[in-house]
Amino acid sequence: MLKYISKRIFLVLFVLLGVTIITFCTMHFAPGDPEEVIAIARYGEDLTQEQIEWVKVTEGFDAPIYAQYLKWLNHVLHLDLGQSLVTSENVLKEITTRFPATMILAFSSLIISLTIAIPAGIISAIKKNTIIGQFFMTGSLIGVSIPNFWLGLLLIWLFALTLHLLPSYGYGGLSHLILPALTLGTSMAAITTRLTRSSMLDVLSQEYIVAAKAKGLDNRTIILKHALKNAMLPIITFAGMQLGFLLGGSVIVETIFAWPGIGKLLVDSIYARDFSMVQGCVLVIGVTFALTNLAVDITYAFLDPRIRYE
Amino acid sequence: MANNKKRINLNALITCVFIVAFLLISGCVESKEEATTNELTIGISTDVNNWYLSQFPDGDGRFVWSQIYETLVRLDTDLNIEPGLAESWETPDGGKTWIFHLREKVYFHDGTPLNADAVVFSYSNESCVKKMGTLRALNSVEAVNDTTVKFILAKPMSLPFYLTHVAWPVMSPSCVDGSGNFISPIGTGPFKFEKQVTDQEIVLVRNDNYWGEKPAIDSVIFKVIPEATTRVMALETKEIDMAIKLPEYDVSRLEEEDGIEVYRKLSTFTDFLQFNCNNGVFEDKEVRTAVAYAIDTEEMVDTVLEGIGVAAKGRAFSPIMMYSNPDLKLYESDIDKAKQILAQDGWSDSDNDGVLDKDGNPLTITLIVGKGEWASRHISIAEAIQGSLQEIGMNVDIQVLESAAITSLENKGDFDMLLRTGYFVWGPYPRHFLVHQSTSPYSHYNNSEYDALANAADSTVDAAEQQELYYQLQEMVLEELPAFYLVHEEKIIATNSYVKGYEITAEDPWLNLNGIYIEKEQ
């Protein structure tokens, strides 16, 4: 197991190298001169050509792309993510001040999503041809179709403006967390419900379930012990991926709820051609994504004894 | 069996946690509202990324800057020039040298006095003003004595206008340490910097040593709420007391709502449709004129912008601006005339597809709209333009692009029309006309007569002469159409009704909290 984990971590390094190279190139090949965009962000719209040239030289944009990348990589290997090209703030500091907010939101929306999706999925699988089953499936269809920004605003309108129960925006206590987590959680739950349902149906039609029924086990034991555990594998995989994405931040929900997460930082930095900030964010998001996947793979071994990593 | 129970119990537990949480929170929110004292909470759309003069304060940073920092010269709520940190000024040589006499007994937030050295520091080579094109003519700033500063320019200019710019205020040299690293924002303004929580809030407290009328409120808290709709709802729940930059579509609803005051004022910002006069169909002035007649800006204001703003009908300067020419012959929309102009110019629909053509080339044009602050407004305006131009047989292809992509197309000259807002219009100063000057990176128009006129206007100090030149420029813009000016924007700010004494300023970046107070019925 330990050998497997260390091998995976070793591979993650290559993934990160690939991801950062691709990001770096995409940013460079995107239309527009980065020096001009950065100069405008720093000094305002009314610029002189000399100023743009000066930014180009001081930030090293006149060097070939590979040289620029290697320079960045060299700094990273010395544990230095550099400074923002626009605001001169320390990149690592900017990311770490926002990362806790992203993490809290990611985990709580995942919990909400699974709390809704797994029971709903199981019920709609067991009662697949009944009104209850249809109800859950319709619900999840609606959930998939509702865009996050609309749901978010609707929730603010209901819970903050109409019922005066929750704050409409911001970051702080548990009360601030509920609406954004609910917005993200319910939309994810919709997909997970469908997945749980189909996975359950798959397992329930297998012979060992029939055998268990013939043996006289009660339905509850069959479903919760024998079926669910096997049906969990695809759900865990999917939840792991969702968590990975969530840890990369969610721009829409962060914007609507004024949630100080990493997603908006990344998107703003891309528009501003803030290379060092974008590279820093991508690196951090890449690491968390890879670690989440690793954690998922390890969970497999516990869920299914047939899977053992040697 | 034991395992199953555990899982079920876990679900039940989580549900319980959320129910308890809900109950707890409903208690928390109630108690928070009562705690509000003599502080003003303002919702803005971006955090302040920069506090130092070496960089331009972007986004909504200017609203916060204008509480902490002050400029030498100021504008009143109707854009009239008035003394700021300088009590008086004069130019001995017709605009090349300007001498400012500083107000006495003014202290920075750290107790150091305002003196000539601080002004010299604020306009040093470090400062962003020296890096911009706007004050390129500024050669040097010298301290004559402790309270007198001399600005020396390469050419005559109306410097006091420019020094009203909130992005170029006077900062204390103690903002930086010995090696020039920025420590904290120290200005002379009515509020002092207290703390900043990234992407969440900025807290300012009253400056009790303020030289002018001291604020009635103890503190100002700027809350960063990027989404305009959320800002509006936060205002309605009274989580914030004032919301800045509201969308047009919310205004009529808020105006009718009890307990909310909406403040509106014509600003100096004007949306305009810039033509690529150097390349493509708009090289032909007749086609530009047809577009000007085809677009009904009055209808645009009424339908797209819910009646907020003033139809420009081609006028470059908002009527609130000092040199806005009142006797211009504006474009009244006339579809038939537009069609006629195009027909006379040789355009006809020879293949009956609804789009005009000439020499086998269809009249299909691109209209570029930027993503960013103005995006939603500009996209709806662009769609209205698309509709109007379709009526005269022009096929408009709207492209929404990020700023870097636009710059790249602009540099290549690869576009037909661009939708912009007059970013360069700060206060009354008329620098905006330089945007159509052939040397400007934003210009897509080449006319030496215009260039000379714009230069002359920018180098004149005499008010009467200035006015005459700017009147001429406005006529020329209408006549020549390097751009067709669409809508003079209205600035919108809303407060809860318990916020009293607020006066909205015409100047966009300046947030004037003078005399504001909170009257809360407990």
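Residues numbered from 1 in each chain as written. Chains lettered and ligands numbered in written order. Predicted model: local features only at pLDDT ≥ 70, side-chain atom pairs only at ≥ 80, totals over all residues.

(A) Spatial organisation of the overall build of chain A. Of the regular secondary structure elements, chain A holds 13 helices and zero strands. Counting from the amino terminus, helix and strand elements in chain A follow one another as α-α-α-α-α-α-α-α-α-α-α-α-α. Projected onto the principal axes, the alpha-carbon positions of chain A cover approximately 85 × 55 × 35 Å. Sorting the 310 residues of chain A into buried and exposed places 45% on the buried side. For chain A, the share of sequence-separated contacts (at least 6 apart) that also reach a separation of at least 24 residues comes to 73%. (Helix = DSSP H or I, 4+ residues; strand = E, 2+ residues; numbered from the N terminus. Buried ≥ 20, exposed ≤ 12 C-beta atoms within 10 Å, placed from the backbone. Contact = placed C-beta atoms within 7 Å.)

(B) Layout of the overall build of chain B. Scanning chain B from terminus to terminus reveals 13 helices and 21 strands. Taken against the 2.2 N^0.38 rule, which gives 24 Å for 522 residues, the C-alpha radius of gyration of chain B at 26 Å falls within 12% of a compact globule. When the backbone C-alpha atoms are referred to their principal axes, chain B occupies close to 85 × 75 × 45 Å. Residues counted as buried form 47% of the 522 residues belonging to chain B. Counting contacts in chain B only where the partners sit at least 6 residues apart, residues at least 24 apart contribute 66% of the total. (Rg over C-alpha atoms; globule rule 2.2 N^0.38 Å.)

(C) Up close: the domain arrangement of chain A. All names here are of chain A. Split into domains, chain A comes out as domain 1 (19-91) and domain 2 (95-308). Here the C-alpha centre of domain 2 lies 36 Å away from the C-alpha centre of domain 1. Across the contact, 17 residues belong to domain 1 and 13 residues belong to domain 2. When contributions to the side of domain 1 that touches domain 2 are tallied by element, the ones reaching two or more residues are α1 (2-29) and α2 (34-43). It is α1 that contributes the most residues to the side of domain 1 that touches domain 2, five residues altogether. Taken together, the residues that form the side of domain 1 that touches domain 2 break down as twelve nonpolar, five polar and no charged. (Domains from an automatic or database assignment. Nonpolar A, V, L, I, M, F, W, Y, C, P; charged D, E, K, R; others polar.)

(D) Broad picture of the environment of Q466 of chain B. All names here are of chain B. Relative to the assigned elements, Q466 resides in helix α13 (residues 463-480). Take Q466: there are 20 C-beta atoms within 10 Å of it, and that puts it in the buried class. Expressed as a C-alpha distance, the spacing of Q466 and A456, which sit ten residues apart in the sequence, is 8.6 Å.

(E) Region of the structure containing the packing of helix α5 (residues 91-126) of chain A against helix α8 (residues 174-204) of chain A. Residues and elements named next belong to chain A. As a packed pair, α5 and α8 sit with axes 5 Å apart at the nearest point and diverge in direction by 35°. The two elements α5 and α8 meet at a crossing, and its hand is right-handed. When grouped by side-chain class, the residues that make up the contact of α5 with α8 number 20 nonpolar, ten polar and one charged. (Axes fitted to C-alpha atoms, helices over the stretch in contact; angles between N-to-C directions. Left-handed = near helix turned anticlockwise from the far one by under 90°.)

(F) Spotlight on the environment of P156 of chain B. Residue and element names in this part refer to chain B. Locating P156 in the fold gives a position in the loop between β7 (148-153) and α4 (159-162). Judged by the 19 C-beta atoms lying within 10 Å of it, P156 falls in the partly exposed class. Separated by 303 residues in sequence, P156 and S459 have C-alpha atoms that sit 5.1 Å apart. Setting aside residues up to four positions removed in sequence, P156 forms contacts with G94, G95, K96, S459, T460 and V461.

(G) Up close: the sheet that holds strand β6 (residues 138-145) of chain B. Residue and element names in this part refer to chain B. As summarised here, the arrangement of the four strands in space is β4-β5-β7-β6, forming an open sheet in which the pairing is antiparallel. Strands at the two margins of the open sheet, each flanked by one partner only, are β4 (86-90) and β6. Pairs of neighbouring strands in the sheet enclose a mean axial angle of 20°, with direction left out of account. Alignment of β4 against strand β5 (residues 97-102), held across four bridges, turns out to be antiparallel. Note that in β5 the partner of S88 across the bridge is H101. (Pairing = 2+ DSSP bridges.)

(H) Structural context of the packing of α2 of chain A against helix α3 (residues 49-58) of chain A. Residues and elements named next belong to chain A. In contact at an axis separation of 9 Å, α2 and α3 are set at 110° when each is read in the N-to-C sense. Between α2 and α3, the angle falls in the class roughly perpendicular. Our pair here, α2 against α3, has a crossing hand that is right-handed. In contact with E35, E36, I38, A39 and Y43 of α2, α3 contributes Q51, I52, V55 and K56. Residue composition of the contact of α2 with α3, by class: five nonpolar, one polar and three charged. (Parallel < 35°, antiparallel > 145°, perpendicular 65-115°, else oblique.)

(I) Just the interface of chain A and chain B, in detail. Each side of the interface is counted separately: chain A has 47 residues, and chain B has 46 residues. Elements that contribute at least two residues to the side of chain A that touches chain B include exactly α2, α5, α7 (148-162), α8, α10 (219-247) and α11 (251-256) of chain A. Of the residues assigned to the side of chain A that touches chain B, the class counts are 25 nonpolar, 14 polar and eight charged.

(J) Summary view of unusual backbone geometry. The backbone of R273 of chain A shows a phi angle near 50°, a positive value even though the residue is not glycine. Tracing the chain through its elements places R273 of chain A in the loop between α12 (262-271) and α13 (275-303). At L481 of chain B, a position not held by glycine, the phi torsion is positive, near 55°. Along the chain, L481 of chain B falls in the loop between α13 and β19 (483-496).

(K) The nonpolar core, seen in detail. Counting residues in hydrophobic clusters, the biggest one holds 217 residues, and the most contacted among them are C281 of chain A together with A290, M300, L367, I385, F484 and L486 of chain B. Per-element accounting of this core gives the leading share, 15 residues, to α5 of chain A. A domain split of this core shows at least three residues from each of domain 1 (19-91) and domain 2 (95-308) of chain A. For C281 of chain A, the contacting residues outside a window of four places in its chain are I95, I262, L265, L266 and S269 of chain A. (Core = buried A, V, L, I, M, F, W, Y, C linked by C-beta atoms within 7 Å.)

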